[in-house]
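Take a look at the letters that make up each chain.
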Amino acid sequence: MTSPLLQLSGIKKAFGAVTALNSVSFDLRPGEVHALLGGNGAGKSTLIKVITGAHMPDAGTVAVGGHPISRLTPAIARSLGIACIYQQPALFPDLTVTENIGLRLESTSPFRRVRHSERRRVATSLLRQVGAGFTGETAVYDLSMPQQQLVEIACAIGAGAKILIMDEPTASLTQPEQELLFGVVDDLRRNGSGIIYISHRLEEIFQIANRVTVLRDGESVVTRELVRTSGPDGTSICQGFDEADLIRWMVGRSVERTPIAIPPASAPNRLTVHALGCDVSGVRNVTFDIRAGEIVGLTGLVGAGRTELARMLFGLTPADTGEIRLDGVPVTISSPAAAVALGIGYLPEDRRRHGIILDLPVAQNISMSVQSRIFPMGWLRPDAEKTLAEQYIRRLDIKTAGSGAEASTLSGGNQQKVAMARWLATNPKVLILDEPTQGVDVGAKSEIHQHIRSLVDEGLAVLLISSELAEILALSHRIGVMRLGTLTAMFDGQPSAAQLMRAALGNQEPGDQPC
Amino acid sequence: MLKWSSRELTVAGVLVILWLGLAVFAPDFFSPQPLLSRLTSSAPKLLVGCGIALVILTRNIDISVGSLYAVASVAAGHASHSAPTPAVIVAVAIVTGLCGGVINGFLVATLRLPSIVVTLATMVTWRESLRLGQQGVFINLPDNSQWFSLSMVPGQWTVVLTALVILASLAWAQKNLAAGRHLHAVGSDPEAARLTGISPGRTTFSAFVLCGVLTGLAAALNLVQSPQIDPNTGRLLELEGVAAAVVAGFAVSGGRGRLFALLPATLLLVSISPALTYLGAKPYWDKAVHGAIILAAVMADGLGRPKQGSRSQAA
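Residues numbered from 1 in each chain as written. Chains lettered and ligands numbered in written order. Predicted model: local features only at pLDDT ≥ 70, side-chain atom pairs only at ≥ 80, totals over all residues.

For the rest of this paragraph, the subject is the overall build of chain B. On a plain count of helices and strands, chain B comes out with 13 helices and 2 strands. Taking 2.2 N^0.38 as the reference for a compact globule, 315 residues should give roughly 20 Å; the C-alpha atoms of chain B span a radius of gyration of 20 Å, in line with that estimate. The C-alpha extent of chain B, read off along each of the three principal axes, is 65 × 50 × 40 Å. Looking at chain B as a whole, 46% of its 315 residues qualify as buried. For chain B, restricting intrachain contacts to residue pairs at least 6 apart in sequence, the fraction spanning at least 24 positions comes to 80%. (Helix = DSSP H or I, 4+ residues; strand = E, 2+ residues; numbered from the N terminus. Rg over C-alpha atoms; globule rule 2.2 N^0.38 Å. Buried ≥ 20, exposed ≤ 12 C-beta atoms within 10 Å, placed from the backbone. Contact = placed C-beta atoms within 7 Å.)

The next thing to look at is the domain arrangement of chain A. Residue and element names in this part refer to chain A. Assigned domains of chain A: these are domain 1 (6-251), domain 2 (265-343 + 428-509) and domain 3 (358-426). On a C-alpha basis, the centroid separation for the pair domain 1 and domain 2 is 34 Å. On the domain 2 side, the residues contacting the 12 residues of domain 1 number 13 residues. Residue composition of the side of domain 1 that touches domain 2, grouped by class: 6 nonpolar, 4 polar and 2 charged. (Domains from an automatic or database assignment. Nonpolar A, V, L, I, M, F, W, Y, C, P; charged D, E, K, R; others polar.)

On to the sheet that holds strand S17 (residues 329-331) of chain A, then. Residues and elements named next belong to chain A. Read from one edge of the open sheet, 4 strands run S14-S13-S16-S17, paired in antiparallel fashion. Edge positions in the sheet fall to strand S14 (283-291) and S17, since each of these pairs with one other strand and no more. Across the sheet, the axes of successive neighbouring strands diverge by a mean angle of 20°, strand direction being ignored. Those strands touched by helix H9 (residues 306-313) are strand S13 (269-278), S14 and strand S16 (321-326), and its axis lies near 70° from that of S14. (Pairing = 2+ DSSP bridges. Axes fitted to C-alpha atoms, helices over the stretch in contact; angles between N-to-C directions.)

Once that is clear, we can look at the pairing of strand S20 (residues 461-465) of chain A. All names here are of chain A. Across the 5 residues that make up S20, a large majority, 5, are buried. Residues Ala461, Leu463 and Ile465 of S20 are buried on one face, and the alternating residues Val462 and Leu464, pointing to the opposite face, are buried as well. In this sheet, S20 lies alongside strand S15 (residues 295-300) in parallel orientation, the contact comprising 4 bridges. Paired with Gly297 across the strands is Leu464, a residue of S20.

Residue and element names in this part refer to chain A. Counting buried residues along strand S21 (residues 478-483), 6 of its 6 residues qualify, which places the element largely inside the surrounding structure. Burial of the side chains of S21 extends over both faces: Arg478, Gly480 and Met482 are buried on one face and Ile479, Val481 and Arg483 on the other. As judged from the 5 bridges shared by S15 and S21, these two strands associate in the parallel manner. Bridging across to S21, Val296 finds its partner in Arg478.

Helix length check: helix H9 (residues 200-223) of chain B (24 residues) gives 35 Å between terminal C-alpha atoms against 34 Å at 1.5 Å per residue, within 8%. In terms of residue burial, H9(B) counts as a mostly covered element, since 22 of its 24 residues are buried. (Expected span 1.5 Å × (residues − 1).)

Right, let's talk about the packing of helix H3 (residues 97-105) of chain A against helix H5 (residues 145-158) of chain A for a bit. If you want to describe how two helices pack, look at the angle between their axes and the distance between the axes. All names here are of chain A. The contact between H3 and H5 brings their axes to 10 Å, and the two run at 35°. Crossing angle aside, the handedness with which H3 passes H5 is right-handed. Contacts between H3 and H5 pair Val97, Asn100, Ile101, Arg104 and Leu105 from the former with Val151, Ala154, Cys155 and Gly158 from the latter. (Left-handed = near helix turned anticlockwise from the far one by under 90°.)

Residue and element names in this part refer to chain A. Restricting attention to buried positions, one finds in helix H1 (residues 44-51) the residues Lys44, Thr46, Leu47, Val50 and Ile51. Along the axis of H1, the buried residues cluster in a sector spanning 165°; they form a single face. Two residues or fewer past H1, Gly53 is found with a positive phi of approximately 85°. (Arc of directions from axis to C-beta.)

Positive phi, normally seen in glycine, also occurs at A:Asp217, with a value near 50°. Within the fold, A:Asp217 resides in the loop between strand S9 (211-216) and strand S10 (219-225). On the basis of neighbour count, A:Asp217 is assigned to the partly exposed category, with 17 C-beta atoms found within 10 Å. Even without a glycine there, the phi angle at B:Trp147 is positive, about 50°.

Pasting the structure below:
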């Protein structure tokens, strides 16, 4: 057997306290499509970044074509024939296709003379190879997303890439475009290239992959060969495992649910959302409700529309269809200020960027949303502010040098608690938490979980968005699953992680409760 | 309780050293009448610096203030012919400044155009319209408008104290009113401010309007000092204002700076040219020293805040 194109063993990578990859082994043979699967946060993106040289692994070895590489940089990776086609192609929109291909493939010396005819010839032949239906003179600006992906693939082929990484290439493709792409992939495979194929569409995996590796919590848990045999009707049948096995591997051991008090069914509806939709954010026809004292979990794949829904409820991208009722009263939420006035709080996803204002002291961050209440007529009263801040520093156990310390001096978990304190200070009716424990260490995480649990005792309604199934299962009374911009399932009772994953991937089984 | 920030102390320290040096080597600098005159002519600059600093606080810039200052002066000058009272001059200048600020604020905050381009455009527009309308002709001002119809020395004190009182109240408001904090929040992180329910648009608009009003008021404080007005007045005033704000520690990236620091910063910058004259240095050193001070201020900001870089890496 020929040596593998790429061999990774024992790869480890941590970012601060968070371990992204913990002993991953992976190999790619010439002429195969090796599918890489895993839930959100399983470590797929980090692994790709290790392969393309963007991240140095903390431990483990990378070998390309049988030769171990000690320091893989993006430039070395490229020279070894590793290319990645991202979901969002990184082309220059104002330049033509030919110019983009030229920039990618030709020398970067600034004083080299551009040979236009040669450049055109290369681009034309590459575009023909990938079956592109447009010419090199087209501006990238005018191309659709799948067409741009073809340009990326053309660049990869032109650069002589032997190892091609495709990150959810079909996410935005229509059926015929997908067939075309699979044709190109087949050609590449026949020419001896290896393709690492990442997709959430399981049926595609069975259609195109030769092998499958499943990542979970930063570890490679399973690598299996797909054996295809021809069925009686001529279609190929895969043996060895099926979609249910894949989902089981992705989810792992059953997650234990800590029993939490179910709010009485008689509790009034705090938030009722009916047929809510918004063109700009691609969310449509979402219907659900949250009772007082209830935590409703919301999960789904990245890009399923969870954060977009939260932004609609907070007035950042106001909904254009449907109805929102708060305590039974229909409301219009046209701006964040309106949402705050109505008693809705939103803890955004990217805490480091927008959750808190890093330049301002802890106390000012906490009082930010209640200024009109504690400062009548806009007069600041530092004592009142300090009292308020210290009350929440105690209650949420925020570790800070004092209420006057700048928020940037706190650790991630404590910054998140400051952001939570700000919303608790508003006495909200509804609190939307978007990935509240993303990137915080394990200790702070369980503390934040405790605080979320105790919040609802006072009758708050919480919408908890998280990609982490364990978190959703541990905290939620009910769990909604979003897929392709709409709420596709709502689980009462205790769904298994596998049920949630199936719903997120769109593989409903008869046993699952429909919405 | 007035807590001094390190920047205020540094700038005030440099100013004190400069003044002490002058007291030793050129005691004439402190003879009362030229000193009061210099303070009086600096008062408008202090207000313009205040306006620009407020805009910089929101992560924007206003370079149209010099032209707006000239427009406000000319408008007030014309108005003084039909109603020759100091009150009319002050009112017309302020309203003109307000209109200029509203236009900038609308274009930047409402239409979300970049402030550097917007205020470059308004700067050229005001200046050229003035040239077209006025053809460089000076406007004579009625006698009773001078020094608010007071005699010279009380008039000078009125100008200086007006500017100081306005600076003090704005500095107080920056610290003690919620609106001041909104400026900081929007300048530090507009998206985060929006997510807490503050409107970045309204806040930025208000900063531009306030800047326009302060520019108009500055023009009025300048008008009362002279018998006639040059339609070319206020050239490079915007750069003096930006320089004062930078020396006072206002971060061009927004969100940082205390208005009170503008007082030592403006005093330092306006002391340099007379100081050089009194110390017998050649006048062309003037701009070089100005430049060196601004550069030192910017470097102090850059070196003093290494955590900015580490923060972006942490993501």
